[in-house]
Structures are given as C-alpha cells and as structure tokens.
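# Observations on the model geometry
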Amino acid sequence: TDTKFVEFSWEQCANQTVTFTAQWKKKLEVTISYVNGKDVIETAIIRQNSVNDKTFDLTLSNTTPNMDYYKFNGWLCDLNNSLYPAEGVISNLSWETYEGSTITCTAQWIELPSVIIEFVRHDGEIVSNIIKQRQETDSTFEISLPVDDSVYSGYQFAGWLCHVDNVVYGPDLETVTMDWEKKTE
C-alpha cells in the first residue's frame, strides 16, 4: 500500500478524534452468455481489473458448438449485432455502458448442402426416397441400393440408372459411393 499524506489544520482537529473509515468501490462485472438455439451452452463473467478501468476488451469463447448438417459460422453478439469467430475480440467496451448487463452471443450456422436420392421403378412408383446431407468433412457419400423385386413382364431387373453419371449400377451391388462435387476433367 502506498502512504498518502493528508494535511489538516489544528483548528479543524483540535480536541477531536480524527477517524478514517475504509470505503470500498465494487469492481464492475458483465455476464457473457453463449446460446445455441434456445440452450445456453456457456456463461462467463468478466470483472473489472481495477475500479479505475473505464473500458475492457471481450475475448469470445473458444467453444465451437456442433450441429448436424450445419457449419458453425461464428457468434452474433447482441451488443453491436456483429458476427465474430470463436476467440474473436471486441475491443474498447465501456464499463459504464455494460456494467451489470448480460451480453448474449448466439451461434450462427451455415447449412451444408443436401441431395435427395430417389429410386423410381419402371412404372414411375418411388421405391425409396433418401435425403443425404453433407457433413463439413465429407467429400463423398454412400447410397444403399434397394432391391426392386417388382414384376415387369418380359424383363429382368438389371440395376439402377443414375442420371448424374449415366451409369447403371447392377443388382449385385449393395452400396455406391458418390462424390459431392462434380469433378472437372
């Protein structure tokens, strides 16, 4: 602790007890709430380092939430309605403005592409309808081929014609692996 000298006149203090009472000033704090949909997934409290601090920097959580079929795109923070990456920094926030408040940062998502796969019989009836959605790390996907056991007079089932690559996948195959992106040649 530093020693501070205070001057008093004898006239002010003569024949009195001079009492000093400790005074405290609360350090300010702000709550940060990280939300994914309706669920709060993380909460943090930021406290003022010194009562003399007027501003603070907010470093966002390094948590990257996961959601099937979507890619995390960052945190949308309600204090300025801006999008920030995990561990992004929001600088120079005023303690006076945000003291006692909750800053909410909501996960933002980008939907990953999907494909609908239909297996249609010779009579137009759909045998199977599958929706495949790409995960961020996927470069291919597998399709389980159904068996068409319908009767088509005078014909034997030879396989499924895929209209993407114009290949007939024969009845002896159980799965086919397809690329998500068409390759250039």
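Attention in this report is confined to the structure presented alongside it. The model shown is predicted, which means the values in this text are computed figures rather than measured ones.

Of all eight residues that make up strand 1 (residues 29–36), six are buried, and the element is covered over most of its length. Note that strand 1 and strand 2 (residues 39–47) share eight bridges and pair antiparallel. Looking across to strand 2, one finds that Asn36 is bridged to Asp39. Adjacent in sequence and paired antiparallel, strand 1 and strand 2 are bridged by two residues, among which Gly37 carries a positive phi angle near 70 degrees.

On to unusual backbone geometry. Trans peptide bonds make up the majority, and among non-glycine residues the majority have a negative phi. Although it is not a glycine, Asn15 adopts a positive phi angle of roughly 60 degrees. Along the polypeptide, Asn15 turns up in the loop between helix 1 (10–13) and strand 1. Here the phi dihedral of Asn81 falls at roughly 55 degrees; this positive angle occurs in a residue that is not glycine.

A word on the packing of aromatic side chains. For the structure on display, the rule yields five aromatic pairs. Note on Phe72 and Trp109: the rings are 5.7 Å apart at their centroids and 70 degrees apart in plane angle, and the pair reads as edge-to-face. Pair noted here: Phe72 is in strand 4 (residues 70–77) and Trp109 is in strand 7 (residues 102–111), with a separation of 37 residues, a long-range link. The exposure class of Phe72 is buried, given its relative accessible area of 15%. By way of ring pairs, the aromatic residues Tyr34, Phe72, Trp75 and Trp109 are connected into one cluster.

According to the stated counting rule, one finds two salt bridges in the structure shown. In this structure, Arg47 engages Glu29 in a salt bridge whose closest nitrogen and oxygen atoms are separated by 3.1 Å. Taken together, the positions of Arg47 in strand 2 and Glu29 in strand 1 put the pair 18 residues apart, joining distant regions of the chain. By relative accessible area, which is 25% here, Glu29 ends up partly exposed.

Criteria and cut-off values
One numbering rule holds for all chains: residues counted from 1, following each sequence as written. For this predicted model, a pLDDT threshold of at least 70 governs which residues receive local features, and a threshold of 80 or more governs which side-chain atom pairs are given and counted, while totals over whole chains, interfaces and linings are taken from all residues. Excluding hydrogens and water, the side-chain values take into account all heavy atoms of the structure. Each residue gets one of three labels from its accessible area relative to the maximum for its type: buried under 20%, exposed over 50%, partly exposed in between, using a 1.4 Å probe on protein chains only. Note on conventions: DSSP H or I runs of at least 4 residues are helices, E runs of at least 2 residues are strands, and numbering of each starts at the N terminus. Here a strand pair is declared whenever DSSP counts at least two bridges between the two strands. Here a pair means two rings of Phe, Tyr or Trp (six-membered ring of Trp) with centres within 6.5 Å. Their orientation is stacked below 30 degrees between planes, edge-to-face above 60, and tilted elsewhere. Salt bridge, as applied in this entry: a Lys or Arg side-chain nitrogen positioned within 4 Å of an Asp or Glu carboxyl oxygen.

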